[in-house]
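# A look at the structure
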Amino acid sequence: MRASQQDFENAMNQVKLLKEDPGNQVKLKLYALTATERPCNMPKPIVFDFDDNAKQDSWKCLKLHMVETSRQNYVDLVSSLSSSSEASGQGNCGADEKVQESKDIVVTSEDGITKIVFNRPTKKNAITFQMYQEIMLTLKNASTDNSVITVFTGTGDYYCSGNDLNNLISATGEIQEAQRDEQTVLTRELVSSFIDFPKLLVAVVNGPAVGIAVTLLGLFDAVYASDKATFHTPFSQLGQSPEACSSYTFPKIMGPAKATEMLLFGKKLTAREAWAQGLVSEVFPESTFEKEVWTRLKAYAKLPPNGIKVSKELIRKNEKQKLHAVNAEESTVIQERLTSEECTNALLNFASRKAKL
Ligand SMILES: CCCCC/C=C/CC(=O)SCCNC(=O)CCNC(=O)[C@H](O)C(C)(C)COP(=O)(O)OP(=O)(O)OC[C@H]1O[C@@H](n2cnc3c(N)ncnc32)[C@H](O)[C@@H]1OP(=O)(O)O
């Protein structure tokens, strides 16, 4: 069946909704296929010297055939573009239905950069169970979308205050036993998705970072920090133990003695101290932080993506197995810690507002 005028008009509208630019070659082809729809001032071709009526009829017939064929070709081409755009859109985090809808994790994709924003400023961007799920889904999508770099950052004055300590506490202020397992499983799965993430992963640390928001940084490829950022892992104060492979990555990055200060004593580092210890790639003055970092990232995102991907793979591949083993081991300890009296008291104290860092 030939494409109707309506099919053709629908296809013209569909082109405007394509998620990806089809490129100049395709655009030219689409333009050419609409030529028969546009008025043409060129004289009609006189091939044979038949009488005028016969020429008119034959021209009308030819024109109708050209119009129908062009319409059909146009509709077919747009249809193939739409389906390939949808297929790649499934891996496009910006286009993902759930992630797009979330208010606490905001995802955008532009200039080759997938930006994942902790967006819960009234709670200092603390990570809820729902946010754990959304981050994992976003990373999964970002690993196959068109972006070159994936960036985490925060809204408001904090980068992220870590795990939401209310994840385990009921509305009446009691520890919810059933949530302990969920917390352990989610933490392990989240960390796994960072270990396996194949593309460049960059943290733009706009303000204080606490707990798991800090430990995960050991799995990033680059960490840019504002000079008002701080880095704090108060596990001992919370009766907890390190996660996100930090029991392995931190001693490796900064040496065991400095890692002990952070992970065991809960020493809070300034951005410059974190840089001096190798956890942060570069520190920027707060006044120029956003501008400088995003200009730089946009330039990096123009680098050939496949070269970057294989280079990251080379740097990380020998560590992956070890990191997964560490993740598993840390999860076992976290599970134990969550049932400990020390941790229970710390969580209840936080819930009753007796404790703050
Ligand atoms: C529990 C199992 C964990 C397993 C996985 C392990 C994960 C590791 C971690 O990440 S542990 C979490 C570490 N984070 C913390 O301990 C931070 C706790 N928060 C604070 O100490 C303070 O809120 C602060 C220092 C981050 C900020 O203090 P400030 O005085 O500037 O602001 P408020 O305290 O008034 O905070 C504003 C509101 O935000 C809520 N909030 C902040 N952080 C968290 C958090 N991590 N979890 C839950 N809620 C948080 C805070 O309670 C305020 O809420 P309110 O306005 O309703 O009172």
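Residues numbered from 1 in each chain as written. Predicted model: local features only at pLDDT ≥ 70, side-chain atom pairs only at ≥ 80, totals over all residues. Heavy atoms only, no water.

Strand order across the open sheet formed by 6 strands is β1-β2-β3-β4-β6-β9, with mixed pairing between neighbours. Both outer strands of the open sheet, β1 (105-110) and β9 (282-284), are each paired with one neighbouring strand and no more. Taken over all neighbouring pairs, the strand axes of this sheet differ in orientation by 20° on average, direction set aside. In the sheet, strand β6 (residues 222-226) pairs with β9 via 3 bridges, with the strands oriented parallel. What sits directly across from Ala 225, in β9, is Val 283. (Pairing = 2+ DSSP bridges. Helix = DSSP H or I, 4+ residues; strand = E, 2+ residues; numbered from the N terminus. Axes fitted to C-alpha atoms, helices over the stretch in contact; angles between N-to-C directions.)

Now for the side chain of Arg 180. Among the secondary structure elements, Arg 180 is positioned in helix α6 (residues 177-195). Not counting residues up to four positions away in its chain, the partners in contact with Arg 180 are Leu 168, Ile 175, Leu 338, Thr 339 and Thr 344. (Contact = heavy atoms within 4.5 Å.)

What tends to happen in soluble globular proteins is that the nonpolar side chains get buried as a cluster. In terms of nonpolar packing, the biggest core is built from 62 residues, with Phe 152, Tyr 159, Phe 194, Val 205, Phe 220 and Phe 231 touching the most fellow members. Element by element, the count of residues in this core is highest for helix α5 (residues 129-142), at 7 residues. When sequence neighbours within four positions are dropped, the list of residues in contact with Phe 152 reads Ile 116, Phe 118, Ile 135, Leu 139, Tyr 159, Phe 194, Leu 201, Val 202, Ala 203, Val 204 and Phe 220. The next biggest cluster of nonpolar side chains, apart from the first, holds 15 residues, and it includes Ala 222, Phe 289, Val 293 and Trp 294. (Core = buried A, V, L, I, M, F, W, Y, C linked by side-chain atoms within 4.5 Å. Buried < 20%, exposed > 50% of the residue type's maximum accessible area, 1.4 Å probe, protein only.)

By secondary structure assignment, the location of Ser 241 is in the loop between β7 (230-232) and α8 (246-254). Apart from residues no more than four positions distant in its own chain, Ser 241 is found in contact with Phe 235, Val 333, Ile 334 and Arg 337.

Moving on, we get to the layout of surface pockets. What the second largest pocket holds in volume is close to 320 Å³. Lining the second largest pocket are 19 residues, and of these Gly 218, Phe 220, Thr 249, Ile 253 and Arg 316 sit closest to its centre. Of all the elements in the fold, those that place two or more residues in the lining of the second largest pocket are β6, α8 and α12 (305-338). Looking at the lining of the second largest pocket residue by residue, the class counts come to 11 nonpolar, 4 polar and 4 charged. (1 Å grid on protein atoms, 1.4 Å probe; cavity = no way out; pocket = protein on both sides within 12 Å on 5 of 7 lines; lining within 4 Å. Points joined across faces, edges and corners; volume = space filled by probe spheres on them. Nonpolar A, V, L, I, M, F, W, Y, C, P; charged D, E, K, R; others polar.)

Phi at Asp 111 takes a positive value of approximately 55°, unusual for a residue other than glycine. Structurally, the position occupied by Asp 111 is in the loop between β1 and β2 (113-118). When its relative accessible area of 44% is taken as the criterion, Asp 111 is described as partly exposed. Positive phi is not limited to glycine here, since Cys 245 has a value of about 70°. Within the secondary structure, Cys 245 sits in the loop between β7 and α8.

So, about the site of the ligand. As a structural note, the neighbourhood of the ligand is formed by 27 residues, with Lys 123, Ser 161, Asn 163, Leu 165 and Glu 243 the closest of them. Between Thr 122 and the ligand, the recorded distance is 3.5 Å, taken from a backbone N or O atom to an oxygen atom. With respect to the ligand, the side chain of Lys 123 contributes an N or O atom lying 2.4 Å from an oxygen atom. Bound to the protein, the ligand loses 82% of the 1,100 Å² it would expose on its own. Only α6 and α13 (341-351) provide two or more residues apiece to the shell around the ligand. (Near = heavy atom within 4 Å. Polar contact = N/O pair within 3.5 Å; in protein donor to acceptor, adjacent residues only side chain to side chain. Areas by Shrake-Rupley, 256 points an atom, 1.4 Å probe, with all protein chains shown as cover.)

Taking strand neighbours across the sheet as the criterion, the 3 strands line up as β5-β7-β8 in an open arrangement whose pairing is mixed. Each of the sheet's edge strands pairs with one partner strand only, and the pair in question is β5 (209-210) and β8 (269-270). Alignment of β5 against β7, held across 2 bridges, turns out to be parallel. Bridge assignment links Val 210 to a residue of β7, and that residue is His 232.

What follows concerns the packing of α8 against helix α9 (residues 256-263). The N-to-C vectors of α8 and α9 enclose an angle of 130°; their axes lie 7 Å apart at closest approach. Accordingly, the angle class assigned to the pair α8 and α9 is oblique. Here α8 and α9 pass one another in a crossing that is right-handed. Touching Ser 246, Ser 247, Phe 250, Pro 251 and Met 254 of α8 are Pro 256, Lys 258, Ala 259, Met 262 and Leu 263, all from α9. By residue class, the composition of the contact of α8 with α9 is 7 nonpolar, 2 polar and 1 charged. (Parallel < 35°, antiparallel > 145°, perpendicular 65-115°, else oblique. Left-handed = near helix turned anticlockwise from the far one by under 90°.)

In the structure shown here, the tally under the stated rule is 2 cavities of 30 Å³ or more. The volume enclosed by the largest cavity comes to roughly 60 Å³. Taken together, Phe 194, Ile 195, Phe 197, Pro 198, Leu 219, Lys 312, Glu 313, Arg 316, Lys 320 and Leu 323 form the lining of the largest cavity. Breaking the lining of the largest cavity down by element, the ones donating at least two residues are α6 and α12. Broken down by element, the residue count for the lining of the largest cavity peaks at 5 residues, all from α12. Here the residues of the lining of the largest cavity sort into 6 nonpolar, no polar and 4 charged. For the second largest cavity, the calculated volume is near 30 Å³. Phe 118, Phe 152, Tyr 159, Phe 194, Ala 213, Leu 216 and Phe 220 together form the lining of the second largest cavity.

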